Amino acid sequence: NLPITCAINPEAGREREFAIRNARKRKKVLVVGAGPAGMEAARVAHLRGHQVILMDKEKRMGGQLFYASKSPHKKEFEEVVRFLEHQLRKSKVEIRLGKEVTGTIIKRIKPDAVIMAAGAAPVLPFTQGIDKPHVHTAIEVLDERVSLKGKTAVIGGGLVGLETALYLVENGVAPIVMIEPTDKLGGNVGLRMGWYVRNKVTTHPDIEVRTETTVEEIKESSIVVQKKGAFEELLADNVVLAIGMKNNNELAEVLKAKGTVGELYVIGDCSIPRTMKEAFEEAAMVARRV
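Residues numbered from 1 in each chain as written. Predicted model: local features only at pLDDT ≥ 70, side-chain atom pairs only at ≥ 80, totals over all residues. Heavy atoms only, no water.

**Some remarks on the overall build of the protein chain**
Assigned secondary structure in the protein chain consists of nine helices and 15 strands. Against the 2.2 N^0.38 benchmark of 19 Å for 290 residues, the protein chain shows a C-alpha radius of gyration of 21 Å, consistent with a compact globule. In terms of its C-alpha atoms, the protein chain occupies a principal-axis envelope of roughly 65 × 45 × 30 Å. By the burial criterion, 47% of the 290 residues in the protein chain qualify as buried. Sequence-distant contacts, at least 24 apart, represent 70% of the contacts inside the protein chain between residues at least 6 apart. (Helix = DSSP H or I, 4+ residues; strand = E, 2+ residues; numbered from the N terminus. Rg over C-alpha atoms; globule rule 2.2 N^0.38 Å. Buried < 20%, exposed > 50% of the residue type's maximum accessible area, 1.4 Å probe, protein only. Contact = heavy atoms within 4.5 Å.)

**A few points about the pairing of strand β8 (residues 176-179)**
Judged by which residues are buried, β8 turns out to be covered on both faces: Ile176 and Met178 on one side and Val177 and Ile179 on the other are all buried. Bridge count between strand β7 (residues 152-155) and β8: four bridges; the pairing is parallel. Bridged to Ile155 within β8 is Ile179. The β-α-β motif built from β7, the intervening helix α6 (residues 159-170) and the parallel element β8 has right-handed crossover chirality. Sheet topology places β8 next to strand β9 (residues 207-210); four bridges connect them, and they run parallel. Looking at β9, one finds that Ile176 is bridged to Ile207. (Pairing = 2+ DSSP bridges. Right-handed = clockwise from strand over helix to strand, strands pointing away.)

**Overview of the packing of helix α1 (residues 36-47) against helix α9 (residues 276-289)**
Their axes nearest at 8 Å, the elements α1 and α9 cross at an angle of 30 degrees. Judged on the interaxial angle alone, α9 and α1 are roughly parallel. Considering only the axes of α1 and α9, their crossing is right-handed. Taken together, the residues of α9 that come into contact with α1 (itself represented by Pro36, Ala37, Glu40, Ala41, Val44 and Ala45) are Ala279, Phe280, Ala283, Ala284, Ala287 and Arg288. Split into classes, the residues belonging to the contact of α1 with α9 amount to 10 nonpolar, no polar and two charged. (Axes fitted to C-alpha atoms, helices over the stretch in contact; angles between N-to-C directions. Parallel < 35°, antiparallel > 145°, perpendicular 65-115°, else oblique. Left-handed = near helix turned anticlockwise from the far one by under 90°. Nonpolar A, V, L, I, M, F, W, Y, C, P; charged D, E, K, R; others polar.)

Here's what the structure looks like:
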């Protein structure tokens with residue numbers, strides 16, 4: 001007796017509630033961030049008759065969906081990004097990529113409403129050696145900004161860590177040792193996806209999993225780990241950080257404090273890092289309200 005839902009179509013099962021109606025007043029709407037939340041918000045706001053400007057500091061659209069599509073079992077996510085980008089480019093939405101949005105730029109644009117969808121950034125732990133050159137974030141790996149070889153330690157056994165480990169072994173980087181401080185892999189993953197990725201990781205011959213383990217120090221070619229008071233040094237040519245994400249809401253907080261924008265909305269991971277289902281739903285709701 002669960003309701004019908006769709007991760008990328010919030011209208012599913014709620015067609016009357018999410019019907020797109022023309023805006024009572026045409027506004028200039030600035031959408032900051034071209035990830036799933038920003039792209040959907042821009043698309044719907046335009047359909048309602050608003051003048052929409054979509055900006056992102058990256059030179060491409062997609063945000064976290066771009067990185068998610070790198071996982072071996074999520075290639076179809078590329079189609080979600082392709083669809084949204086096609087809808088936006090054939091519309092009258094003004095798209096500005098490769099330029100970071102600042103308070104000065106917003107003041108120059110003079111929007112009636114700002115939708116902040118700037119996404120999230122990797123959390124960096126306070127671990128000795130975190131600044132060493134062979135330490136990278138999962139985003140840097142999935143974005144192919146770095147090329148890894150040899151034994152690699154993936155710190156964090158959530159969904160991003162699991163999928164990054166699978167991405168690495170699929171691309172010939174092995175062996176992998178995964179370090180997770182809790183007693184369970186993928187604690188933040190849904191039932192179906194959790195079963196799948198946990199099974200893939202735990203049964204892969206090139207991936208070693210260590211739960212209830214923390215990283216105490218990162219050295220030049222090894223890491224010092226601790227489990228229940230016992231310390232051990234593990235060889236590691238590379239270290240990949242996948243311990244979580246934090247919201248990119250600094251600009252939103254500044255705008256709130258100064259009160260320079262008439263209407264300000266914060267959606268998706270920019271509000272709280274979660275899944276794409278929440279990103280699409282919040283974008284759809286806000287774009288119908290603005």
